[in-house]
Every structure is written in C-alpha cells, then in structure tokens.
Amino acid sequence: MNQKKHLIHSISRFSLFVFISLLGFSSVYAQSVDELSDDQIQQFMKQAQESGMSEDQLMAAAAAKGFGSADISKFKDRMTKLQADKKGPVNTNTTDTERRLNDTTSTKIVKQPIKEDSSAIRREKYYGLNLFNNKKIVFEPNLRIPTPKNYVLGTGDELNISITGFAAQTYKVKVSPEGTVQLDILSPIYVSGLTIEQASERIINRLKSRFAGLNSSGGGLYADITLGNIRSISVTVIGEALQPGTFTIPSLANVFNVLYACGGPSEIGSLRNIEVFRNGKVIRTLDVYDFLLHGDQKDNIILQDQDIIRIPYVDTRVSLLGEVRNPKIFEVKRGEKLKDILAFAGGFKELAYSKTISLERATPTEKRIVSIDQNEIAAFTPQKGDIYTIGKILSRFENVVTIKGAVYREGSYELEKDITVKQLIARAEGLKQDAFKERILLKRERENLEPEIIPLNLSKILKGESEDIRLKLKDTLFIKSYKDLRERLTVSISGAVNKAATYEFADNMTVSDLVTMAGGFSDGASASKIEIARRIKADTFGIAKEQSIKIETIDVDRNLIGAESGKLLLKPFDRVYVRVLPRYEEQKNVNISGEVFYPGPYALKDKTEKISDLIIKSGGLKSEADLGSAKFSRAGKVVGLDIVNIMQNKDDINNLVLNSGDALEIPRKKETVTITGQVYNATTVPYSVGLKFKDYINLAGGTTDSAYVKNAYVKYGNGRLDRTKSFLGIKTFPKVENGSEIIVPVRRKYRWTPAERIAISTAVVSIATLLFTIFNATR
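Below or above, wherever it landed, is the structure these notes cover. (Residues numbered from 1 in each chain as written. Predicted model: local features only at pLDDT ≥ 70, side-chain atom pairs only at ≥ 80, totals over all residues. Heavy atoms only, no water.)

Here we come to the pattern of salt bridges. The final tally for this structure, using the stated rule, is 29 salt bridges. Of the charged contacts, one joins aspartate 315 and lysine 384 as a salt bridge, the two residues approaching to 3.6 Å between their closest N and O atoms. On the criterion of sequence distance, the pair formed by aspartate 315 in the loop between strand E10 (308–311) and strand E11 (316–322) and lysine 384 in the loop between strand E14 (367–373) and strand E15 (387–390) is long-range, its members being 69 residues apart. Judged by its relative accessible area of 57%, lysine 384 falls in the exposed class. Glutamate 360 is the partner of lysine 367 in a salt bridge, and the nearest nitrogen-oxygen pair spans 3.0 Å. A residue is classified by how much of its surface remains accessible, and lysine 367, at 60% relative accessible area, is exposed. Bridged by salt links that share partners, the residues Arg284, Asp290, Asp296, Lys298 and Asp299 form one connected network. (Salt bridge = Lys/Arg side-chain N within 4 Å of Asp/Glu carboxyl O. Helix = DSSP H or I, 4+ residues; strand = E, 2+ residues; numbered from the N terminus. Buried < 20%, exposed > 50% of the residue type's maximum accessible area, 1.4 Å probe, protein only.)

With twelve residues, helix H7 (residues 196–207) should cover 16 Å at 1.5 Å per step; its first-to-last C-alpha distance of 16 Å lies within 8% of that length. Every buried residue belonging to H7 is among Ile196, Ala199, Ser200, Ile203, Ile204 and Leu207, and all of these are buried. All buried residues of H7 fall inside an arc of 130° around its axis, so they share one side. Buried residues along H7 sit against strand E1 (158–165), strand E3 (180–181), strand E4 (189–190) and strand E5 (221–227). (Expected span 1.5 Å × (residues − 1). Arc of directions from axis to C-beta. Contact = heavy atoms within 4.5 Å.)

Before going further, it helps to spend a moment on the packing of aromatic side chains. Per the counting criterion, the structure on display carries nine aromatic pairs. Between the aromatic rings of phenylalanine 330 and phenylalanine 344, the centroid separation amounts to 6.3 Å while the plane-to-plane angle is 40°, which identifies the pairing as tilted. Linking phenylalanine 330 in strand E12 (residues 329–332) with phenylalanine 344 in helix H10 (residues 338–344), this pair joins segments that are 14 residues apart in sequence. As far as burial versus exposure is concerned, phenylalanine 330 and phenylalanine 344 are alike and both buried. Judged by centre distance (6.3 Å) and plane angle (90°), the ring pair of phenylalanine 380 and tyrosine 388 falls under edge-to-face. Each member of the aromatic cluster is reached from another via a ring pair, and the members are Tyr127, Tyr289, Phe330 and Phe344. Looking at arginine 535, its charged tip hangs above the ring of phenylalanine 573, at a distance of 4.0 Å from the centre. (Phe/Tyr/Trp six-rings, centres within 6.5 Å; stacked < 30°, edge-to-face > 60°. Lys NZ or Arg CZ within 6 Å of the ring centre and 35° of its normal.)

Here we take up the sheet that holds E1. Overall, antiparallel pairing links the three strands, which are arranged E2-E1-E5 in an open sheet. Both edges of this open sheet fall to strand E2 (169–174) and E5, since each of them pairs with a single strand only. If you compare each strand with its neighbour and ignore which way they point, the axes differ by 15° on average. For E1 and E5, the ladder comprises seven bridges, and the chain directions are antiparallel. Bridge pairing links asparagine 160 to threonine 226 in E5. Most of the contacts of H7 go to E1, to which it runs at about 50°, and overall it touches E1 and E5. (Pairing = 2+ DSSP bridges. Axes fitted to C-alpha atoms, helices over the stretch in contact; angles between N-to-C directions.)

Taking burial as the measure, the eight residues of helix H8 (residues 255–262) include eight buried ones, the bulk of the element. When we look at burial in H8, the residues that qualify are Val255, Phe256, Asn257, Val258, Leu259, Tyr260, Ala261 and Cys262. Among the structural elements, strand E6 (232–239), strand E7 (245–250), strand E8 (274–278), strand E9 (281–286), helix H9 (288–294) and E10 are those in contact with the buried residues of H8. Sitting at the amino-terminal end of H8 is asparagine 254, which places a side-chain oxygen 3.2 Å from the backbone nitrogen of phenylalanine 256. (Polar contact = N/O pair within 3.5 Å; in protein donor to acceptor, adjacent residues only side chain to side chain.)

All right, on to the sheet that holds strand E34 (residues 721–723) then. Read across the open sheet, the five strands follow the order E32-E31-E37-E33-E34; overall the sheet is mixed. With partners counted over all chains shown, the strands left at the sheet margins are strand E32 (683–686) and E34, one partner each. Averaged over neighbouring strand pairs, the angle between their axes works out to 20° when direction is ignored. Direction of pairing for strand E31 (residues 672–677) relative to strand E37 (residues 741–744): parallel, over a ladder of four bridges. Counted as the bridge partner of threonine 676 is isoleucine 743 from E37.

And the structure:
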C-alpha cells in the first residue's frame, strides 16, 4: 500500500525523468510521443533509472533535442496509463483516504486508516503515543486564516488581484508550472519561490506600467493582492512512523497535520526528536511533549513542497508506576532528571509515599533495586529501561487515640504528650447523662501487637480516687451507656386495636396508655377482658414450678379515661391481648343470580341460613328457571348439588349452610342437549323427554371406531356427572336431562414396548416349558 501511494504522489516527477532520459540514450530527435510504442516507453523508463542525470540537466537536454512542453505533457499521460495498467485495473471502491491522497486539489488532510487491534491497547501505556490516533482530536490545517506574510508561492497557488479607485479591475490568476502569472498583455511575472509580500510588490511594480499612479499618494488607484485557492504539496514521512509514506497536503499544513495523517510515531518511534528536513538539511526538531504539557507549538512549522519528516528510534524510555496521577512509559531526553519525569506524570497522588521511590534498573548482567530518597529526586538521572515505583502510604496513624460510646463527640483524636483518660473525655465534649461510669474499657496493643483489655472505674478516676491513666498510641476507650448494657425494653399489643405493634417501654406506662399508642380499640373490641402475659424472672410463691409466664386479665374503661388502678401498670416485655366481643361479627354476604325475582347480594343474619332460605329471600324462582342446572360455588369452585331435591326437601343433606362469599347461579332453561367427543357429528339438538342416551348418540351420527362407549358420561348443568355403568356385559346409560352435555371419550389403546413384548414372550415360553416338563414327568 505504501509503495502504491508513493507511486501516485511522485509519478509525474518520475515520468519527466523518464521522458527526458530517452534523449541521451536514443537517436530520437523531436520525435512525436504518439509515435512511440509502449515497449519503447518502458525501455526508456529503465534507462532513466540508470542515468543518474538531474532534472535540470534533462530539461536542458529536452530543449536541445527540440521537445516542447506539449510533448512532455503527453508523455506524462502515457506513463501514468502504463503504470496503472501494470498495477491492475482502477479500483472504483477507492477509500476516502486514497481519494484524498490522489486528489492534488484537496485542501483537507485525511487520516490514514489504522487497524483496530491489540496494538491500540499496547500504545496506551506510552505517554502521548496515541495523540494522533485519538478520534476526538483532528489535526487539520486552518484554511480560513489571513495569508501569512512569509508564505512562499509555488505552482498551483491562486492570486486575487483587485484594483480600485477611478479605474476598477479584478484578476484571478494561477501560478503556472513555470512559476509565473499572466496579467492581460503584460509579460509573465515570475513569482515562484517568493513570499506573498515579495510577489505583491513585484506584481504591483509591473502593473504600474499600465495603471499610472498605482498605489502612489494622490494617485487615486489602489491594488490589493491576496491568496485565493492554495496549492497542494508533497511531504514524505520516513523512519518509525505508524504508516510512513508520501502525502499530498495543503500548502498551509504543518508538521502536526502530517503526523496526524501518518498515524504518528510507532511504538519504537520518538515523540521528542521529530526532525524536519528541507533541501537536505534539518531545519527544525519537534518535541511533542511541549505541546502535550504546555500547549507549545513553536516548532510546529508550516511545511513546504518536498519537505521530509523523519521520526527516529526512541532512545531512552522509563516507566513510572504506582501512586502518580498518570502512570505511563515516558521518553526522556538528555539532561532531564527524575523530577521532570514526575512532572510529566502529573506529580504524586494524595496518598503517595514520597519519602522513597523504588527503582528497578537493569545492569549488563542482571537487575538491581535502588532506593531513591526524597532529597535525591531533583538531581537523579534516569537511564534507559528504568522502572520507578511509587508506593502508597500505610493505612495507619502515627498519633491517634479513639473514644467511643456515651460521649458527645465520638471519634479519633490526636495523641498529645501525656494525654490521659480524663483529658480525652474532655476533648470529646464530656460524658452523656446515661454513661455507665463504673466500668469502662481501654483497648490497648501490646508490644507484640496482641490486643488487651484494661477495665477502669471512671467514677473513681473522676473523683480522684484512682490514677488517671496515660494513653498510648492507638488506644481505644469504650464507654457504655445504661441502655447499651441491657436488652431494649419493649411492650407489645395485639388483637382488637387499630395499630397492633411493639412499642418502647417507659416507666409508669399503663394498659390504657398502650391502647392509646395503638390507635385505640377497634370496632368490636372487648374492654372487659384484656389479657396481659408477663415474664417470670424468678420463682414466685403460689406459681407452679413449670409455669414460665404469668397471665393477668383486667378490665379498662373503653373511653380510656377515669382513675387507673396500680394493677394496670405495665412492665418491660409485657404482651397485651385485646379480645373481640363474643357475638361480634362483620357482615357476611352471599350472592344469588339468574332466574330469581330479586337477584343480588344478601347478608346472612345468622349462622343457620341455608341454600333454600337464600332462594326464598330472593323472591323465589321465575317460570323460566332451570333449577336442575343451577350452579353453587364456594371459594371459587363449583359444588355439584341437586337444587331440585333441596327445594323439595329442606332437610336434604345437600341443603348446605351458607358461608360468606357463597354464590348461587340459576340459569334459564336451555331446552337443548349437546353431544361431543367421539361421534361423527358433534352437535346440539333440542331436548325431548321421550329420547334416551342412545337416541341422542344416534342423532349425532353414532360413535366412531375410536369411541370408548363404556366410559361415556353425561355432564349436567349443575356440574354433576353420571357415567355409563356395565355389569356382566349389560350397559346402563345415564339419564339425559334438559341442558345436559353427553361426552363420548376416545379409546386409547395401550401399545406394548419392545421390552414388554420380550418379557411376555419369555414368560409364556417358560410356562410352556414347565408344563411340558410336568406332563412328561407324570407319564
């Protein structure tokens, strides 16, 4: 790919050499290019490569032989065509990058495609190496700036010349390949190689011959010359670039623009010694770190045609690891110290151990470890391959004591000289009122780092009766409160209250207080029978040994007012149970729907109401009611009942006592019978009193070969089922009623598995063999 790009960018220059070279190696004089064969041109190409003549010498030879500029142009076209045919057909799917490089009129730099692989990840560890691969940073030349005064004109640049005043004239001219511009009848003006300022002065001087008084005081005529479209130039990148080659770029492009196009330095290329060659000499050395660290672009110069950018091998690299803000591999220039590398990495992190830096350095035979003190960093000289590691400070304090518990400000404090227990408590704003002072605990580390607990009587220390202990490093003082030393005191209430829960116990709390905290009694609560379950802490006279809970039953004022007796006082962990009045119940509803005079929900007045009572309460049955198909549901499930018998005999066992949520549905008479299953024509037919089970089957076309008539059954409207019965081969079919459904199931023939067949066959053979043996033995 790089060879192809190089050919594309330099074909015109090379073809000139080839064309002119034929002058010295053939007898052709002013021969037409059209008369040359392809073989001749290819032979001349080979001779040109071996000639060693300069371009000026070949141009002079061409003039001497009589060749003009038109012949040279034709030869260039022939050369381009032959080279394209040799490389293969033109690829119509050329990438955008290739199109930009081929288009010499393009003023936009297009970045070379970089393969997305693990190399991008590897490059991340080198500081600044991915600068020119960052998709969020685009280094493109700014073509909207005023033309720099030191801009050097060349072939392809366009000049806009505007004359104003009492005469107006505008010229738009392009610098020719000969380096001149042509204005009207004036002779060509040579401007190639001049700065825009020098070229303007030369052009205006020539224009004065036609426009008298131009740009003179009081002349009334003024000329202004600006740069229009700029030319394209070729710049070559060599050395350790990610994708070296020759690039066609706008003439205002700078070094960064070309580095962006080639992908920047490779992993072994230098970022700090990038050289720009012009006419065989180094004119500038670019350090990308200046841009990365300080935004300095003083060496990011504008390039000229045929400039060469060389990226040399990187010389010295060191690694900076650990607690720095940007741990990377850094390139080091001669004379730079370790402090400079730390500055490249952004300095130490907040928790970095900066007293000593660990260095891993390679010797000619092995590695060694060097410890660099803090005061040596400024003057320490890095070497190639150094690995510096900055550790993290220890997660410990050099002067800390801690106090926890019943003080106003728990936490860690500075260990001052000779600080004591009393002084530390004072630092913590003193003790809380519920502090347990008779026994506090001091946790201390021994010399072998084993912990020990030292109990102290704080009351005696505060009174001066005991020695005030001096604290040591990492001592921790624990001061418990009275609440911390006992179980959380609670009481609970449940039953007929609005907010049954567990509540915190308080002295002098009564049952009425607890009921009030629970939102009062709920509707139906019995205030005359409240139970209190109380823990027994010790053997009590009059209580059986196996008894662990004491039960008390009390009465309270339902309005929670009035004098309270001492027996209503609660104790910690009491549990209070509020009962419901014996005959209190919420309303219970049942529902009846369908063919009754007053369908809807009904409340049960007592626990003895039955299904027949519900039908009577609903106003009785309508004439269209099909009582035999009535469905009774309980808890969402259908209960198969014979409602006809229930209404004829109120004492029938099916006349169930109603429960809350029961539902009775009495449909209209269907006057049809449905036949489904293994019949030839599953259908619904009118119900007829004279027809029986087989008659209805025949109406459906009879049963199929797969019908299991023996198990045929009838499903009645009330959800009950009746199946076919058989005794000694005589079948008794179920009765068909109005609204019934006859179902004939399929006969599922059992098929023996191969294993079962083998087992049966083996058994039959064994039995036959046994019988044959017995028969022979009895003869």
